[in-house]
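# Results of the structural survey
For reference, the chains in residue letters:
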Amino acid sequence: MITDEGRDARLRRGTFYGLGAYGLWGLFPAFWPLVGRAGSLELLAHRVFWSFLVSVVLWLIMVPRGSLRPMLDRRKLLLLAAAAAVISVNWGVFIWAATHGHVVETALGYYINPILSILFGVVLLSERLAPIQWVCVGLAAVAVIVLGFDYGRPPWVALVLAVSFALYGLLKKKINAGAVETLTIESAYLVPIALGYLIFLQVTGGLTFGHLGWSHTLLLIASGPITALPLLLFAAAATRVPLSTLGLLQYLAPTLQFLLGVTYFGEQMSVGRWIGFGLVWLALMLLTTYGLLRARRRRREVLIGTPTSRDATHRR
C-alpha cells in the first residue's frame, strides 16, 4: 500500500518529469537555427532518421519482449502510418518556422491546440461541450481572424501546427500504446523517405552532414535524442500526475516559445498581435478554470457516489 508520503514523492517526481518534457519542447526553437544551414528538409530527414535509431535502442532496453506483437494489428499499423504522416508535417513546419523567424507563431499554434482538440472532439467524436467551452472556441476563432488581419494573411504556421498536433493526439488516443513503441514504428514508416532524400542530397552535392565540421554533424545527430527525451519524460509524468496537472503544464511549452520569439529572436509584437494573443490567453484561462472546477466536482462526486445530472450531460 502506498503511503501519503510515497504518493507525494511520486507526484513531485511526475511534476518534475512534466516540467522537463514541456520545458524541452518549449526550448526547441533555439536548437534548429544552430543547424539552420542544413535547410528545413534535410533537418527533418535527420530528425526522422536519428529519432528512429534512438527509439530502436530504447525499445530494446526499456520495452518488454513480446510487446511488438500487439502493435502488428492491421488497424493499429494503419493508424500509426497516419500518425507518422501527420507528425512529419508538424515537425517540418515547426523546423521551417524556427529557422525563418516565425517562433511566436509556433507558440500561437500550441496555445490554440487544446482548444482545437476540444473542437475535434465535437466534430469527430460527437462529444458535447459546456457553454463555457463554446465561448473558448469562439474566442480562439476571433483571435485567428484578428491575427490574420494583422499578418495580412492567415496565421498558417500556427494553424498547421495546431491542426496537425490535434490530429496526432487523436490518433495516439485511438492507438493507445507506449511512447517508445509508437515513436519507433512511426519513424520506421518515414525512414525510407528520409534516407532517400539524404542520399539524393549527397549525390547532388547539397548534403551538409559531414561537410560543415564536427560540431554541425554532432548537432544533427543530437536531433534524435532531443526528440526522444521529452517523449520519455512526458510518458513518465503521465503515469504519476493527474490529467489536470498535465493540462496546466502543457502551457509551459508555448509560453517558452513565445518568450524566445520576442526576447531572444527579436520578433515584433504589434498591437493587433497582442490583442490576438490576449484573446487566446483569455480562452485558455477560462478553459483551464472550467477544467479544474469540473475535476474538483468529479472528485467530490466520487467521494459521495452521486454524480450530478449536469456533469453527466457535459461529460466528454
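Rules behind the numbers
- Residues numbered from 1 in each chain as written.
- Predicted model: local features only at pLDDT ≥ 70, side-chain atom pairs only at ≥ 80, totals over all residues.
- Heavy atoms only, no water.
- Helix = DSSP H or I, 4+ residues; strand = E, 2+ residues; numbered from the N terminus.
- Contact = heavy atoms within 4.5 Å.
- Core = buried A, V, L, I, M, F, W, Y, C linked by side-chain atoms within 4.5 Å.
- Buried < 20%, exposed > 50% of the residue type's maximum accessible area, 1.4 Å probe, protein only.
- 1 Å grid on protein atoms, 1.4 Å probe; cavity = no way out; pocket = protein on both sides within 12 Å on 5 of 7 lines; lining within 4 Å.
- Points joined across faces, edges and corners; volume = space filled by probe spheres on them.
- Nonpolar A, V, L, I, M, F, W, Y, C, P; charged D, E, K, R; others polar.
- Patch = residues over 30% accessible without salt bridge, like charges linked within 9 Å, V, L, I, M, F, W, Y side chains within 5 Å.
- Areas by Shrake-Rupley, 256 points an atom, 1.4 Å probe, with all protein chains shown as cover.
- Salt bridge = Lys/Arg side-chain N within 4 Å of Asp/Glu carboxyl O.

### Details of the environment of Ala-30
By the element assignment, Ala-30 lies in helix H1 (residues 4–31). For the pair formed by Ala-30 and Asp-150, sequence separation is 120 residues and the distance between their alpha carbons is 25 Å. Residues in contact with Ala-30, not counting those within four places in the same chain, are Leu-260 and Phe-265.

### Digging into the nonpolar core
By size, the foremost hydrophobic cluster in this structure holds 51 residues, and its most contacted members are Trp-32, Leu-43 and Val-48. Those elements that provide at least two residues to this core are H1, helix H2 (40–62), helix H4 (74–98), helix H7 (156–175), helix H8 (179–204), helix H9 (214–238) and helix H10 (243–249). Sorting elements by how many residues they give to this core places H4 first, with 12 residues. What Val-48 contacts, discounting residues up to four positions off in sequence, is Trp-91, Ser-187, Leu-190, Val-191 and Ala-194. Counting 30 residues, the second largest nonpolar core, distinct from the first, contains Cys-136, Leu-139, Ala-143 and Phe-277.

### What about empty space enclosed by the protein?
In this approach a probe as big as a water molecule rolls over the atoms, and the regions it shows empty are the leftover space. Applying the stated criterion across every chain, the model contains 1 cavity of 30 Å³ or more. One number sums up the size of the largest cavity: a volume of about 30 Å³. The wall of the largest cavity is formed by Ser-55, Leu-58, Ala-179, Val-180, Leu-183, Ala-228, Leu-231 and Leu-232. For the lining of the largest cavity, the secondary-structure elements that each account for two or more residues are H2, H8 and H9. Looking at the lining of the largest cavity residue by residue, the class counts come to 7 nonpolar, 1 polar and no charged.

### A look at a nonpolar patch on the surface
A surface patch of nonpolar side chains, about 380 Å² in accessible area, is lined by Val-123, Leu-124, Leu-125, Val-163 and Leu-167. By residue number, the principal contributor to the nonpolar patch is helix H5 (residues 103–125), which donates 3 residues. Judged by relative accessible area, which is 61%, Val-123 ranks as exposed.

Treat this as a map of the structure, not an account of what it does.
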